[in-house]
Amino acid sequence: MTVTYTARVANARFCGFSKLLLAWKGSIYKVLYKEFLAFFAMYTAISITYRFFLSDDQKRYFEKLAIYCNHYASLIPMSFVLGFYVTLVVNRWWNQYTSIPLPDRLMCVLSGGLQGSDERGRLLRRTMMRYASLSALLILRSVSTAVFKRFPTMDHVVEAGFMTREERKKFEGLHSPYNKYWIPCVWFTNLAAVARGEGRVKDDHTLKLLLEELNAFRGKCSMLFHYDMISVPLVYTQVVTLAVYSFFLVCLIGRQFLDPRQGYPGHDLDLYVPIFTLLQFFFYAGWLKVAEQLINPFGEDDDDFETNWLIDRNFQVSMMAVDEMYGDLPMMERDRYWNDSNPRPPYTAATLFVLRKPSFQGSTFDMAIPKEEMHFQHLEDIAENLEESGSRHPNMALFNRLLNAAPSPTGFMGGALRRTSAQLQRLRHSPSIDQCTSDDDDNESCKIGKGGSLPSGLGQETQSTVCSFREEKSARTPLIDIQFGSEQEKRGGQAAVNQGKQRKGRDGRDDEESQTREEGEKTESTRGEIHTPVSILPPPQQPSRETLVSSTPITSHDPSAFLFHPAAHSSLEHCSSQPIINQNKAVPAIPKPPFGVNKMSFLTVPSYNEPQRFRSVSMGSELTGS
């Protein structure tokens, strides 16, 4: 029977395992003492031969051989090979135990699912449960030597009551070269179908549950059979065994005590008995014996499974559950805590200390937080704090200077400024930014900040960078009020005329800009009265050859937003990632502007006839226009 010592080590005490060292049944002493005595006897014989029967020359040769063996014995990987093998065997040992078929779940489903307290119902339940026990007996008889010794032939199985003589004739009449442990399971399913046809199994769901439990029971029988058929690979067992035995055979010579007068290093003492070598043999050889005992737990060792006890227990419990206990219910009555909303079972004096322990509420239940950190923060304050923390980032100043100084291709400025306008408009309508002050509610730029739909292309790619500005009450016109030329589609032959008008308008707007700076907030109220704004995105059109050659500058009604001012650099705060607007068509080429004015336009850049490459600032993603 399996050696059980769980109760003796229930509580950890001083030298708690020391009480187990004196046990003999199932101990390492009982398993290993023969090999240990054989090893010590061989070591003693070699030592006596070296000391008393060898000549001096033979002793010198033996001493060199002992030093050689002791030096190279450490090359054998004992710990790795043996440790991995024992771990594999122990896992396999426990998995085999969990594969032993137990009828507990099946008998509960059968007792509740197959109705009928008459003789027919009782006969069906007992017969079906006996078939399940017979299947388990047949598979255990195939894998366990103890069960086979108990039931060596089918006559013993019939005599024990697991099978009737008629069933034995039926069983032996089914010819198959394979193990026939599964035949009683098929008989079980046939009886279940008969019970369903007779109405004793009320519905198909109950029948399905009954068959599922039977299949789980049969699956464990099958796993047990395959564990018996598929062993640990023989080559692995051979390697481990040879490693252990060869190591200690070498130690018989290499661990001998040599003559101290010869002055060999490490041989200053002559103790006659190799204490540490014997301990090493005890540990390593005992480790191998553990694997040898657990590799097949269905034998008759002290720690092997008690298969005969399992057969007796399972058969008795299953028959009681489906027969004597069927419909046998105790009378229902109110329990002791019927009117108690907080029932507390009593404790004995030995377990009263449990009441003194507080109930566990969670690992963070007693966590203390300062009162000043418990207040909720408004989302507006959180957004401002994030904006301020971003402005203080050490790399932002360098990044902003690079944005101001870097040359901008035509395609980048055309897309980046439109995305900048959309981003600034959304920021203006957020709680931390001024609201749009335009009187025209239909303004396209204001619609973007008020939750309107963004231009097509935004929100699709996330590789472009849009620069945002601090909230300042300045007289300069913001970037969102830039009005692109609404007569771009009328370029044709009026390109030169439009260019002249723009030069005159630019001089007038310079005066207007200085006047706007003096008036302050009047510019904000009159900003929407300059011109009716057009869409930020220019309408895509296929440029002709003449258009590519002609000069087509972008019309701006407020040049202060596009010109480089010294104060403009201080308002640049940070850059945030925004989607890229897909541009499937070519952007019209823009020639060099006249340099007659004092301030260089920020938007006009030289154009080329070759395809333009549009590059985002932050991530470097590119779009190519033909």
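Our structure's up above, just so we're on the same page.
Residues numbered from 1 in each chain as written. Predicted model: local features only at pLDDT ≥ 70, side-chain atom pairs only at ≥ 80, totals over all residues. Heavy atoms only, no water.

Asker: Go over the packing of aromatic side chains, please, and point to the residues and values.
Answerer: One pass over the structure, following the stated rule, counts 24 aromatic pairs. The interplanar angle of 80 degrees and the centroid separation of 5.4 Å between the aromatic rings of Phe298 and Phe305 together place this pair among those described as edge-to-face. Comparing Phe298 with Phe305 shows no difference in burial state: the two are buried. The ring of Tyr326 carries the charged tip of Arg125 above its face, separated from the ring centre by 3.6 Å. The ring of Phe171 is capped by Lys180, whose NZ or CZ atom sits 4.7 Å from the centre of that ring. (Phe/Tyr/Trp six-rings, centres within 6.5 Å; stacked < 30°, edge-to-face > 60°. Buried < 20%, exposed > 50% of the residue type's maximum accessible area, 1.4 Å probe, protein only. Lys NZ or Arg CZ within 6 Å of the ring centre and 35° of its normal.)

Asker: Hey, could you go over helix α11 (residues 234-254) for me, with residue numbers and the actual values?
Answerer: Counted at 1.5 Å a residue, the expected span for α11 with its 21 residues is 30 Å, and the 30 Å between its end C-alpha atoms agrees. Those residues of α11 that fall on the buried side of the exposure criterion are Val240, Ala243, Val244, Phe247, Phe248, Cys251, Leu252 and Gly254. Among the structural elements, α1 (28-52), α2 (56-72), α3 (78-98) and α12 (275-294) are those in contact with the buried residues of α11. (Helix = DSSP H or I, 4+ residues; strand = E, 2+ residues; numbered from the N terminus. Expected span 1.5 Å × (residues − 1). Contact = heavy atoms within 4.5 Å.)

Asker: I'd like to hear about the nonpolar core, residue by residue, with values.
Answerer: Leu110, Met128, Leu140, Val157 and Leu210 are the most contacted members of the largest nonpolar core, which totals 47 residues. Put simply, the parts of the chain that give this core at least two residues each are α4 (104-113), α5 (119-143), α7 (154-160), α9 (183-197), α10 (204-229) and α13 (307-324). At twelve residues, α5 tops the list of elements feeding residues into this core. Not counting the four nearest positions on each side in its chain, Leu140 is found in contact with Val147, Leu224, Phe298, Thr307 and Ile311. Core analysis: the second largest hydrophobic core is formed by 25 residues, Leu82, Tyr85, Tyr284 and Leu294 among them. (Core = buried A, V, L, I, M, F, W, Y, C linked by side-chain atoms within 4.5 Å.)

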